[in-house]
Amino acid sequence: MKKTLCLYFQVHQPYRLRQYRFFDIGKNSYYYDDFANKTIMNRVANRCYLPVNNLLASLIKKYNGAFKVAFSISGIAIEQMEQYAPAALESFKELSRTGCVEFLAETYSHSLSSLISPRKFKDQVAMHVNTVEEHFGMKPTAFRNTELIYSDTIGEMVADMGFTTMLTEGARHIMGWKSPNYLYVNAINPKLKLLLRNFRLSDDIAFRFSNRSWGDWPLTAEKYAGWLAQALEKDDIVNVFMDYESFGEHQPAESGIFDFLAALPGMILNHANTEILTPSESARKHQPIAPLHVPYAISWADEERDVSAWLGNELQQEAFNNLYKLEDPVRDSRDPVLQRDFRRLQTSDHFYYMCTKFFSDGDVHKYFNPYDTPYEAFINYMNVLSDLTLRVPK
Amino acid sequence: MKVLMFGWEFPPHIAGGLGTACDGLTRGLAKQNVEVLFVMPSASGDEDQSAVRIINASDVVAFEKKEEARQIFDNVHFLKVTSNLIPYLGPDEFEEAIDLEREKEWNEFRISFGNKFKFSGKYGKNLMEEVMRYALVAASIARQYDFDIIHAHDWLTYMAGIAAKKISGKPLVIHVHATEFDRSGENINTQVYELEKRGMDQADRVIAVSNLTRDIVIRKYHIAPEKVMTVHNAVDFKTAESREIERGVPEKIVTFLGRITYQKGPEYFIEAAYKVLQKCKNVRFVMAGSGDMFNRSVRRVAKLGISSHFHFTGFLQGEDVKNMFAYSDVYVMPSVSEPFGISPLEAMRANVPTIISKQSGVAEVLNHAIKVDFWDVNALADAIFGLLNYPALSRMTVRCGLEEVNAMKWDNAALKVKNIYESVLNEKS
């Protein structure tokens with residue numbers, strides 16, 4: 001049986017909050033930094049979404065169905081594309097019509113709701129599924145949670161919602177001696193197949209590609225295909241999952257990343273024994289080898305591969321708990337603007353900005369962070385949340 | 001390695017942070033096997049000499065014979081240049097002055113001190129004169145003692161450092177704890193600037209207490225960047241200082257503690273207090289300290305109509321300072337310019353959440369204080385509001401802040417200083 005490479009790219013942009021002082025509480029309930037959101041969305045669309053979509057479309061055409069990819073686009077990102085970069089959204093729709101692109105489901109808000117509220121989680125997934133159907137004309141069968149957050153119970157909820165495949169991290173502390181390059185199943189409900197990210201081969205592209213102090217720089221498609229072939233000599237599937245913005249934004253066009261991507265499918269398909277499939281296809285094709293036990297939530301973030309990047313300190317926990325206290329009254333309020341704001345405040349990025357781990361490590365955190373310090377992020381978020389709380393009917 | 005170090009004060013008799021810093025640094029150096037001869041203008045004898053040997057400049061015979069004086073002045077050329085600055089120190093005038101003075105005072109001097117200068121060691125009217133005399137004594141000390149390198153703290157001792165360098169030929173490191181720009185804003189005392197610049201020019205290395213200060217040394221004194229190194233100050237706190245104190249008022253208390261002068265930014269504290277009080281009444285503001293902006297501050301508070309929630313304590317020291325910290329729910333240091341700034345560390349040690357200005361050197365080493373631009377009154381008000389209203393914020397800054405402050409050690413700073421000594425000595429040999 002042929003071996004499989006599975007490519008999935010995450011598309012997400014949060015609604016960044018404007019500087020919201022306590023004087024604004026109860027007086028001004030507009031929370032967003034329109035300028036930053038618009039500028040960033042336009043920049044990323046021009047550097048990444050438009051050119052890379054274009055490139056992928058040409059590769060799909062060139063390989064005539066043998067090259068496939070998967071996307072997950074958060075509902076929040078789709079909203080912002082509609083608002084600021086409709087051409088980018090249109091080009092994703094064009095890709096969806098090639099038949100070689102799978103769209104995955106996630107939480108609409110790119111939220112952490114799976115960690116606190118099963119009901120909210122299911123609501124948000126349903127909302128995202130509807131959004132994907134509406135824009136891309138297909139109902140997702142595979143699921144990826146925010147930041148690949150996964151645990152046995154989250155997997156069980158996902159299976160209950162009818163998904164057959166879920167993507168998560170091949171976290172070293174979970175895998176131990178086991179290889180991430182096989183199909184696994186959820187420990188509670190074996191109907192849910194698990195695809196695990198190969199972090200080494202993913203990060204070679206996403207983080208290391210343009211790093212000149214890396215021993216393997218410069219990375220060529222040929223070299224990469226060699227590594228892949230090596231990994232697939234024994235194993236079944238290599239899952240290369242990353243932020244879509246790695247192409248052109250994190251790794252700039254000048255680094256040669258586009259040429260690398262353009263050359264990659266040819267190099268891989270040269271190996272007679274390898275094919276490129278989407279997540280749902282991979283899960284259908286291969287036999288699961290074992291259930292995977294994940295009692296505590298894992299993710300693809302930081303060295304720890306847990307949820308400490310979002311809920312690791314007391315600031316994050318306080319903000320998170322205060323936010324979800326509002327869940328029921330916001331739901332009951334039937335106020336669409338309030339519900340929209342509540343959704344946007346749930347985006348995991350807001351909690352990521354409050355992470356104090358970056359004092360010791362994490363250029364990555366700094367890169368994504370509009371605030372100078374986690375304390376500023378917390379104060380600003382709490383001011384906004386205080387205003388939102390005032391708007392919730394008592 | 002042996003260092004001849006010039007300071008102006010040393011605990012227990014100190015007026016500011018300089019003496020404490022010298023104490024911490026010399027203790028750290030002692031652990032690195034660096035021997036320190038610490039010269040100060042007026043020692044009282046009760047200084048802790050476990051880590052240093054203290055030389056009291058008031059006990060040193062400046063020169064035994066007139067020829068010696070001559071020799072010192074031939075070597076110490078800088079004094080000629082300053083002659084117009086301080087007339088009696090020109091070589092000719094000096095000789096005359098010395099002769100005169102000797103004629104006049106010789107007898108009293110010999111009876112009471114030998115041929116010694118009596119220094120006040122204070123920061124009084126005759127400061128310039130003392131600075132120059134200190135340099136003379138320094139030259140004499142430099143001839144009497146054996147050492148490898150000279151280290152001078154702040155402008156008061158730069159002349160002493162230069163004199164010692166001229167006499168001994170040993171390299172000079174000067175240590176900038178503050179510059180004239182920190183003390184006076186843009187309206188600087190040009191005499192002091194002159195002395196500071198001369199010290200920096202003559203030094204083989206300049207140590208600045210923060211990158212902020214290093215930047216001032218480079219930009220405003222035009223010193224070559226490669227010569228200027230940052231060694232952040234440290235603190236050696238033994239334990240957390242927490243005391244129980246009964247409060248007289250139910251409101252939360254936000255405190256400014258420091259001199260009420262331009263560079264400490266008291267007006268920004270007042271404006272921020274006004275903004276916070278518009279939104280929440282359950283808070284009182286305290287301005288503890290004295291200074292030339294005191295009256296203006298009181299007037300401004302009255303004009304804003306917030307006097308019922310804004311209190312002035314006047315100058316505090318010792319136990320009162322500790323009690324003030326114990327009373328406080330938030331400590332604010334909105335300094336316009338602060339080379340380092342030790343008091344936020346003291347607040348954090350007392351478990352008080354702390355807000356500091358980004359224009360302070362200490363902001364470079366603290367992660368768990370909230371940082372704002374001193375001029376950004378809105379941000380300052382917002383930070384105060386946040387600390388008062390979002391409990392997780394004060395809990396976390398207190399817990400992590402204490403850990404952070406306790407991890408700052410003079411040992412680490414001393415190691416950096418020792419490395420600087422070594423790099424200079426290697427260059428020379």
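Residues numbered from 1 in each chain as written. Chains lettered and ligands numbered in written order. Predicted model: local features only at pLDDT ≥ 70, side-chain atom pairs only at ≥ 80, totals over all residues.

Notes on the overall build of chain B
Here is step 1 of the chain: Within chain B, the secondary structure is distributed over 16 helices and 13 strands.
Here is step 2 of the chain: Per-residue burial for chain B yields a buried fraction of 48% across its 429 residues. (Helix = DSSP H or I, 4+ residues; strand = E, 2+ residues; numbered from the N terminus. Buried ≥ 20, exposed ≤ 12 C-beta atoms within 10 Å, placed from the backbone.)

Points about the sheet that holds strand E3 (residues 53–56) of chain B
Residues and elements named next belong to chain B.
Here is step 1 of the chain: The 7 strands are arranged E3-E2-E1-E4-E5-E6-E7 in an open sheet whose pairing can be described as parallel. Across the chains shown, the open sheet's two edge strands, defined by having one partner strand only, are E3 and strand E7 (228–230). This sheet shows a mean twist of 25° between the axes of neighbouring strands, independent of strand direction.
Here is step 2 of the chain: Bridge analysis of strand E4 (residues 149–153) against strand E5 (residues 172–176) gives 4 bridges, and the strand direction is parallel. Paired with His151 across the strands is Val173, a residue of E5.
Here is step 3 of the chain: In this fold helix H9 (residues 211–220) packs onto E5, strand E6 (205–208) and E7, with an angle of close to 165° to the strand it touches most, E7. (Pairing = 2+ DSSP bridges. Axes fitted to C-alpha atoms, helices over the stretch in contact; angles between N-to-C directions. Contact = placed C-beta atoms within 7 Å.)

Some remarks on the interface of chain B and chain A
Here is step 1 of the chain: Counting residues at the interface gives 15 residues for chain B, matched by 13 residues for chain A.
Here is step 2 of the chain: At the level of secondary structure, the elements contributing two or more residues to the side of chain B that touches chain A comprise helix H10 (266–279), strand E13 (370–372), helix H14 (377–389) and helix H15 (391–406) of chain B.
Here is step 3 of the chain: Among the elements that make up the side of chain B that touches chain A, the one with the highest residue count is H14(B) (5 residues).
Here is step 4 of the chain: Grouping the constituent residues of the side of chain B that touches chain A by class yields 7 nonpolar, 3 polar and 5 charged. (Nonpolar A, V, L, I, M, F, W, Y, C, P; charged D, E, K, R; others polar.)

Side note on the domain arrangement of chain A
All names here are of chain A.
Here is step 1 of the chain: For chain A, the assigned domains read domain 1 (3–292) and domain 2 (308–391).
Here is step 2 of the chain: Put simply, the middle of domain 1 and the middle of domain 2, counted by C-alpha atoms, are 23 Å apart.
Here is step 3 of the chain: Every contact between the two is made by 26 residues of domain 1 and, on the other side, 22 residues of domain 2.
Here is step 4 of the chain: Among the residues making up the side of domain 1 that touches domain 2, the classes are represented as 12 nonpolar, 9 polar and 5 charged. (Domains from an automatic or database assignment.)

Quick look at the environment of A:Thr164
Residues and elements named next belong to chain A.
Here is step 1 of the chain: Note that Thr164 resides in the loop between helix H5 (152–160) and strand E5 (165–169).
Here is step 2 of the chain: Classification of Thr164 as partly exposed rests on a count of 15 C-beta atoms within 10 Å.
Here is step 3 of the chain: Linking Thr164 and Arg391, residues 227 residues apart in sequence, is a C-alpha distance of 39 Å.

Focus: helix H9 (residues 257–270) of chain A
All names here are of chain A.
Here is step 1 of the chain: Taking 1.5 Å as the rise per residue, H9 with 14 residues should run 20 Å; its terminal C-alpha atoms sit 20 Å apart, in good agreement.
Here is step 2 of the chain: Taken as a whole, H9 carries its principal kink of about 30° at Ala263; the proline Pro265 stands between one and four residues after it.
Here is step 3 of the chain: Contact partners of the buried residues in H9: strand E1 (3–11), helix H1 (34–63), helix H8 (221–231), strand E9 (247–248), strand E10 (251–252) and strand E11 (274–277). (Expected span 1.5 Å × (residues − 1). Bend = angle between axes of the 7 residues up to and from the residue.)

A short note on the sheet that holds strand E10 (residues 310–314) of chain B
Residues and elements named next belong to chain B.
Here is step 1 of the chain: Read from one edge to the other, the open sheet built from 6 strands follows the order E10-E9-E8-E11-E12-E13, with strand pairing classed as parallel. Looking at strand neighbours, the two that pair on one side only are E10 and E13, the edges of this open sheet. Taken pair by pair, the neighbouring strands of this sheet meet at an average axis angle of 20°, ignoring direction.
Here is step 2 of the chain: Bridge count between strand E8 (residues 252–257) and strand E9 (residues 283–288): 6 bridges; the pairing is parallel. By the bridge assignment, Leu257 is partnered in E9 with Ala288.

Structural notes on the domain arrangement of chain B
All names here are of chain B.
Here is step 1 of the chain: For chain B, the assigned domains are domain 1 (2–235 + 411–428) and domain 2 (252–406).
Here is step 2 of the chain: Counting from both sides, the interface comprises 14 residues of domain 1 and, opposite them, 12 residues of domain 2.
Here is step 3 of the chain: When contributions to the side of domain 1 that touches domain 2 are tallied by element, the ones reaching two or more residues are helix H7 (180–184) and H9.

Topic: the confidence of the model for chain B
Residues and elements named next belong to chain B.
Here is step 1 of the chain: Mean pLDDT over chain B stands at 85; residues scoring 70 or higher make up 83%.
Here is step 2 of the chain: Contacts from residues 76–90, a stretch scored under 50 in pLDDT, to residues over four places away or in other chains number 24 contacts.
Here is step 3 of the chain: Low pLDDT (under 50) marks residues 101–114, which in the prediction has 4 contacts with non-local residues, meaning those over four places away or in another chain.
Here is step 4 of the chain: Model confidence for the complex is summarised by a pTM of 0.86, with the ipTM given as 0.83. (pLDDT = per-residue confidence, 0-100.)

Some words on the pairing of strand E7 (residues 193–197) of chain A
Residues and elements named next belong to chain A.
Here is step 1 of the chain: Among the 5 residues in E7, 5 count as buried, and that is most of the element.
Here is step 2 of the chain: Across the two faces of E7 the burial is the same, with Lys193, Leu195 and Arg197 and Leu194 and Leu196 all buried.
Here is step 3 of the chain: Where strand E6 (residues 183–186) lies against E7, 2 bridges are found, and the strand directions are antiparallel. Looking at the pairing, Tyr184 lines up with Leu194 of E7.
Here is step 4 of the chain: Taking the residues that link successive antiparallel strands as the turn, the E6-E7 hairpin has 6 residues.

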